[in-house]
Amino acid sequence: MNHFEVQGGELHCEGVPLTRIAEAVGTPVYVYSSATLERHYTVLRDAFVDAGLGQPLIAYAVKANSNVAVLRTLGNLGAGADTVSEGEIRRALAAGIPGERIVFSGVGKAEHEIAFALEHGVAEINVESEPELHTVNRVAQQLGKRATVAIRVNPDVEAGGHAKISTGKAENKFGVSFSEAERLYANAANMAGVRPVGVACHIGSQITDLAPMKAAFIKMRGLVERIRAEGLTVERLDLGGGLGVPYFNQPEPPSPADYAAMIAEATRGLDVQFAFEPGRMIAANAGILLSRVQHVHERPEGRRFLVLDAAMNDLLRPAMYDAYHDIRPVKPRGDETATYDVVGPICETGDTFTRDRVLPVLEAGDLLAFMSAGAYGASMSSEYNSRLLVPEVLVKGDQFAVVRPRPTYQDMLDKEHSAPWLT
Ligand code: LLP
C-alpha cells in the first residue's frame, strides 16, 4: 500500500497535490511519502516479530534511496543501515543512525573505508573474501581495535530477476562458498583484529518467489550448525534484502508476513540474532518521479512520442534493466487513451522510458508520475548531458520539504577547475 492517490481529480502524495510541488520546485522532481516509508518499515518489523524472529536488526539498504531525510525517517523508527561505502556510512551517521545499527557490506572496501567504519563502531563488517578478511584484520590492529565481522556467503542459488541484479550464483563476484566460509570463520576466530560474530548472504533483488530464498536460508542454517559444531560461536545471521515489490505488471510479490513465516520455518530452533538488509521493499513504492510533458511529437511513420523533461539520467532503471514503471497522469482528463513511446530529451535512443504504452491522452504541459521510483531512482541519477541533478521532496501529511534542492548551473560549473596550462 502507498499514499499516492487521486483526490478531487488530482494525484496527491498524502495530503499534498503533486501540482503544488511541481509549481513550487519545478520538474523533474522526486517526491517521497513519509507515511509509506514508515508503513513499509513497520509492517516488515511487525511481521518479523509476529513470526517469532525476535527483534532483528533491520538495516535498510542505503543504496536504494540514500537521501538523508529518508534515512532519518527510517532511523527514527529504529531502522539500521546497510551501507556499501564510506559515503553511505557518513549519510547514515548524518541521519542520526548510530554505528551499532550500521552494517558495512560490499566486495571492494578500501582501507580508508574500513578504518572509518571501525572508528565509528559499526555493528558488523560483512567480509566478502579471504584477502578482505586479512585487510580488515590488519586495519583493525593498526587502530588498536577488533572488528566485528560476518562472513558473506554466496549460496549459489538462482533467484531469477534481471541478470544485472542477481548476486547469489557462484559466478557472481559476491561472497565465498560454504566450505570457504567455514574455513574463513575458523581462521577469523584466531585473528587478533577480528571477531567473527555471524554469517551473511544476499541472493539478489526484486525476488518475487520465496523458493530460492528458502533454499538459500536452509543452506545458511546448515552452515551455522556446522560452524557451531566446531566449537565456535555464531551469534548473528544476516539474510540480506531482495524481496520484490509490485511494479504493476509484475507477479505479485510475497507479503512480508509470508516472507517472515518462511524464514521462521527455514531457521526453526536456531538461536541467533537476525539481521536483514531490505532496500527496495521499503523505498520503491514510497516515491515517484514527477515530470512534465514537453510536447507530443507524432512521426509520419506512425509513432507518437511523449517527450518529457525527465530523462534516463534522472531515472536510469528502464534504460539499464528494461524496468517497467507505471505512468500515471497527475490530472487525468477522462477515459480517452493513446499509445505513446515515452522518451526523455537525452541524445541517445536508450533514453526511452517505455514504448507502445497505452496511457490516458496527454498534452504539452501535463504532469505525470513514474510510480514505484522511490528505490534506485534518485540514488542512481547523474548529470549526464549536463542536466542538473534532480531534486527531492519529502511529504508528511499536508506538509512538504525540499530535502535536496535542485542545484544551480553555477553549482554545477563550480565543481570543476581549469588546468594551469589552459587560459
Ligand atoms: N544488501 C546487499 C548486500 C545488496 O547488494 C542489496 C542490493 C541489498 C541489500 C538491497 O536489496 P533490495 O532489498 O533493495 O532488493 N539498481 C538495481 C538494484 C540493485 C540491487 C543491488 N543490491 C535496480 O534498480 O533494480
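Since this is a predicted model, take the numbers as computed values, not measurements.

## Brief notes about the sheet that holds strand β2 (residues 10-13)
Spatially, three strands are ordered β1-β2-β3 in an open sheet, and the strand pairing comes out antiparallel. Of all strands in the sheet, those with a lone pairing partner are β1 (4-7) and β3 (16-17), marking the two edges. With four bridges connecting them, β1 and β2 associate as antiparallel partners. Paired with Phe-4 across the two strands is Cys-13, which belongs to β2.

## A closer look at the nonpolar core
If you look at the biggest cluster of nonpolar residues, it comprises 103 residues, and the most contacted ones within it are Ile-125, Tyr-259 and Ile-263. Considering every element that reaches this core, the biggest residue donor is helix α8 (residues 210-229), with eight residues. For this core, the domains that each give at least three residues are domain 1 (4-32 + 284-414) and domain 2 (34-281). In this structure Ile-263 touches Phe-48, Leu-53, Phe-217, Leu-239, Phe-274 and Phe-276, once residues within four positions along its chain are discounted. With 18 residues, the next largest nonpolar core counts Leu-11, Val-31, Ala-369 and Val-395 among its residues.

## Focus on the site of the ligand
In the vicinity of the ligand, 17 residues are found, and the nearest of them are Ser-205, Glu-277, Arg-280, Arg-317 and Tyr-376. The side chain of Asp-82 places a nitrogen or oxygen atom 3.3 Å from a nitrogen atom of the ligand. Among the residues forming the shell around the ligand, the class breakdown is six nonpolar, five polar and six charged. Both of domain 1 (4-32 + 284-414) and domain 2 (34-281) provide at least three residues apiece to the shell around the ligand.

## Points about the packing of aromatic side chains
Enumeration over the complete set of coordinates arrives at six aromatic pairs. Ring centres 6.2 Å apart and planes at 25 degrees place the aromatic pair Tyr-30 and Tyr-32 in the stacked group. Judged on exposure class, the residue Tyr-30 and its partner Tyr-32 are both buried. Joined through ring pairs, the aromatic side chains of Phe-48, Tyr-259, Phe-274 and Phe-276 make up one cluster. The cationic tip of Lys-109 hangs over the ring face of Phe-104; the distance from NZ or CZ to the ring centre is 5.6 Å.

## Considerations on the pairing of β2
Both faces of β2 are covered, namely the face carrying Glu-10 and His-12 and the face carrying Leu-11 and Cys-13. Joining the antiparallel neighbours β1 and β2 is a turn of two residues, in which Gly-8 adopts a positive phi near 55 degrees. In terms of strand pairing, β2 meets β3 through two bridges, oriented antiparallel. Looking at β3, one finds that His-12 is bridged to Pro-17. Here β2 folds back onto β3 in antiparallel fashion, the turn holding two residues, of which Glu-14 has a positive phi close to 50 degrees.

What counts, and at which threshold
Residues numbered from 1 in each chain as written. Predicted model: local features only at pLDDT ≥ 70, side-chain atom pairs only at ≥ 80, totals over all residues. Heavy atoms only, no water. Pairing = 2+ DSSP bridges. Helix = DSSP H or I, 4+ residues; strand = E, 2+ residues; numbered from the N terminus. Core = buried A, V, L, I, M, F, W, Y, C linked by side-chain atoms within 4.5 Å. Buried < 20%, exposed > 50% of the residue type's maximum accessible area, 1.4 Å probe, protein only. Domains from an automatic or database assignment. Contact = heavy atoms within 4.5 Å. Near = heavy atom within 4 Å. Polar contact = N/O pair within 3.5 Å; in protein donor to acceptor, adjacent residues only side chain to side chain. Nonpolar A, V, L, I, M, F, W, Y, C, P; charged D, E, K, R; others polar. Phe/Tyr/Trp six-rings, centres within 6.5 Å; stacked < 30°, edge-to-face > 60°. Lys NZ or Arg CZ within 6 Å of the ring centre and 35° of its normal.

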